[in-house]
Amino acid sequence: MKPASTALQNLLASRQFFAVDLYTFTLIGGTALRYCSGDRDITTGGHLFTAQGPRIDRKDNKAKCHWKIGVEVDTLVFDVMPQATDIVGGQSFLAACVQGAFDGAELQLERAFMATYGDTSVGTVIMFAGRVAEIDLGRAVATFTINSHLELLNLQLPRNLWQPGCVNSLGDASCGVDLAPYGVGATAISGSTAHLVNAALAQPSGYFDQGKLSFTSGVNAGLSRSVKSWVEGAPGVIALLAPLPQAPAAGDAFTIYPGCDKTLGPNGCAKFANTARFRAFPYVPM
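The following refers to the structure shown. Residue numbers restart at each chain and count upward from 1, following the sequence in its written direction. With the structure being a predicted model, the display of local features is reserved for residues of pLDDT at least 70 and the display and counting of side-chain atom pairs for 80 or more, all residues being used for whole-chain, interface and lining totals. Calculation of side-chain values draws on the structure's entire complement of heavy atoms; hydrogens and water are dropped beforehand.

Think of it this way: any DSSP run of H or I at least four residues long counts as a helix, any run of E at least two long counts as a strand, and we number them from the N terminus. Scanning the chain for helices and strands turns up two helices and 17 strands. Taken along the three principal axes of its C-alpha coordinates, the chain extends 70 × 45 × 35 Å. The buried label goes to any residue with under 20% of its type's maximum accessible area, the exposed label to any with over 50%, and the partly exposed label to all in between, with areas taken from a 1.4 Å probe on protein chains only. A buried classification covers 36% of the 286 residues belonging to the chain. Only heavy atoms enter the contact rule, under which two residues are in contact if any of them lie within 4.5 Å. Once local pairs closer than 6 in sequence are excluded, the contacts in the chain between residues at least 24 apart make up 61%. Only the protein chains shown count as cover for residues, and all accessible areas are computed by the Shrake-Rupley method using a 1.4 Å probe. On the chain, roughly 15800 Å² of surface is accessible, and the fraction owed to carbon and sulfur atoms is 55%.

A few words on the pairing of strand E11 (residues 142–148). For E11, a buried count of six out of seven residues is recorded, marking the element as mostly surrounded by other parts of the structure. Between any two strands, at least two bridges found by DSSP are needed for them to pair. Relative to E11, strand E6 (residues 75–80) runs antiparallel, the two being bridged by six bridges. For Phe-78, the partnering residue across the bridge sits in E11 and is Phe-144. As defined by bridge partners, strand E10 (residues 124–137) adjoins E11 across seven bridges and the pair is classed as antiparallel. The partner of Arg-131 across the bridge, within E11, is Asn-147. In this antiparallel pair of consecutive strands, E10 and E11, the connection spans four residues.

The subject of this paragraph is the sheet that holds strand E17 (residues 253–257). Pairing is antiparallel in the open sheet, where six strands are placed in the order E12-E17-E14-E15-E16-E13. Every other strand in the sheet has two partners, leaving strand E12 (184–187) and strand E13 (196–199) as the edge strands with one partner each. Direction aside, the axes of adjacent strands within the sheet are offset by 35° on average. Pairing between E13 and strand E16 (residues 236–240): four bridges, direction antiparallel. Pairing of Leu-196 across the sheet is with Ala-239, part of E16. Each axis is a line fitted through C-alpha atoms, and for a helix only the stretch in contact is used; angles between axes span 0 to 180 degrees, taken between their N-to-C directions.

Lining residues are those with an atom within 4 Å of a point, where the points come from a 1 Å grid over the protein atoms alone and group into cavities, where a 1.4 Å probe fits but cannot get out, or pockets, open sets with protein on both sides within 12 Å along at least five of seven lines. Grid points are joined across faces, edges and corners, and a volume is the space filled by probe spheres set on the points. Under the criterion given, the structure shown has one cavity of 30 Å³ or more. Contributing to the lining of the largest cavity are Cys-166, Asn-168, Ser-169, Leu-170, Cys-175, Val-177, Cys-260, Lys-262, Cys-269, Phe-272, Asn-274 and Arg-277. Throughout this entry, Asp, Glu, Lys and Arg are counted as charged residues, while Ala, Val, Leu, Ile, Met, Phe, Trp, Tyr, Cys and Pro are counted as nonpolar. The remaining residues, Gly among them, count as polar. Residues belonging to the lining of the largest cavity are distributed by class as follows: seven nonpolar, three polar and two charged.

A few words now on the pairing of strand E1 (residues 18–26). The pairing of E1 with strand E9 (residues 106–114) spans nine bridges and is antiparallel. Note on E9: the bridge partner recorded for Thr-26 is Glu-106.

It is worth spelling out the packing of aromatic side chains at this point. One pair of aromatic rings is described through two measures. These are the centre distance and the angle between the planes. Stacked, tilted and edge-to-face are the three classes assigned to paired rings of Phe, Tyr and Trp, where Trp is represented by its six-membered ring and a pair needs centres within 6.5 Å; plane angles under 30 degrees give stacked, over 60 edge-to-face, the rest tilted. Evaluated as defined, the whole model comprises 16 aromatic pairs. Note on Phe-93 and Phe-102: the rings are 5.1 Å apart at their centroids and 45° apart in plane angle, and the pair reads as tilted. Ring centres of Phe-102 and Phe-144 lie 5.4 Å apart, and the angle between their planes is 85°; on these two criteria the pair is classed as edge-to-face. Of this pair, Phe-102 sits in the loop between helix H2 (93–98) and E9 while Phe-144 sits in strand E11, and the two are 42 residues apart along the sequence. Summarising the burial analysis for this pair, Phe-102 and Phe-144 share the class buried. The structure contains a cluster of three or more aromatic residues connected by ring pairs, namely Tyr-23, Phe-25, Tyr-35, Phe-78, Phe-93, Phe-102 and Phe-144. Lysine and arginine charges are scored as sitting over a ring when NZ or CZ, respectively, is within 6 Å of the ring centre and within 35 degrees of the ring normal. Positioned over the ring face of Tyr-207 is Lys-271, at 4.8 Å from the centre of the ring.

Within the secondary structure, Gln-203 is located in the loop between E13 and strand E14 (212–215). For Gln-203 and Glu-232, which are 29 residues apart along the polypeptide, the C-alpha to C-alpha distance reads 7.2 Å. Once residues within four sequence positions are removed from consideration, Gln-203 is found in contact with Val-184, Phe-208, Trp-230 and Glu-232.

Moving on to the pattern of salt bridges. Salt bridges are counted wherever a side-chain nitrogen of Lys or Arg sits within 4 Å of a carboxyl oxygen of Asp or Glu. Evaluation of the coordinates by the stated rule reveals two salt bridges. As a salt-bridge pair, Arg-111 and Asp-21 come within 2.6 Å of each other at their nearest N and O atoms. On the criterion of sequence distance, the pair formed by Arg-111 in strand E9 and Asp-21 in strand E1 is long-range, its members being 90 residues apart. Using a relative accessible area of 27% as the deciding quantity, one classes Arg-111 as partly exposed. Between Arg-131 and Glu-151 there is a salt bridge, with its nearest N and O atoms 3.6 Å apart. Of the two residues, Arg-131 sits in strand E10 while Glu-151 sits in the loop between E11 and E12, which places them 20 residues apart along the sequence.

Next comes the structure, spelled out in C-alpha cells:
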C-alpha cells in the first residue's frame, strides 16, 4: 500500500480530481531532470516539473510497472519521445542516452492528485523508485527499463574471493587510500578529442592508467571518465575508457587521479605506500 495523507485520501474519495505523473531523473553527477506528463508545469516540494520536456506517456503505450511481494526486483518500463529542444548536458536527449549520461541514474515516479490543476497541497504518492538498468534506442524513441532498489541485494557471495588481484576498490574503506592528495590539476591542450585528451603532465607513462579524470570547467564541466591509459610526451595523451559528449577545448581545466592495477607492483599498492592493506592471493592460479 502506498502512503497517502488524510487530505489526499479524502480527495481520492471524492472521485473528482486531476492526476499527472512526475518523473525525476537524478544523474550520477547530481543533476536533476524533472518532467511532468500533464499539459502544464507542476510545482511541488519546491521543485518545478516541466511539461515542455520529452513526452513520456502515450495513449497507446502507458508506463508499465511490475510489483511483486517478496525480494524479486520490481521494474518500470516507459517510452521517452524527446523533442529537438530537450537538452541534457549540452546535447540532445537521445545523444545523451548514447553517451551514457543516464548510466546509473536514479528515477523516482510520483503521481500528483489535484482538486484543481496545479494545486499539489495534498501531496504526491511515490509510485516507483529505482535505477536505470537499460535504454533501448530508436530513431525517435528511447525505451527506459528501471529496476527497483532491490537490485542492490543482488550481490555475489562469498563477499571476498580468492583471486590474484586485490579485492579492495581504490579509495574505499578497506583500501584506506585518500585520493584527494593524489589529484593533479591540469588543462587540456589543443588537438584534444572526445576520446583523447592532450595535456602536459610530469608523471611517467602508466601512472594514471585505470584512474579517473574529472573536468572542472569547459563544455564537459562536472563530467568524469575512467582513464584507459596515460602516455607521457610533448604533449602527453590521456586515453579515456568512454568518450566525452564533446571534445574539450584548449584551456579546459580538469583534475586527474592515478589508478591501481591491484598488484604489489609500482602501479599498484606501492604507488600509494599501501602494501599493508593489500588483500589478494597472488599465487592463486589465474
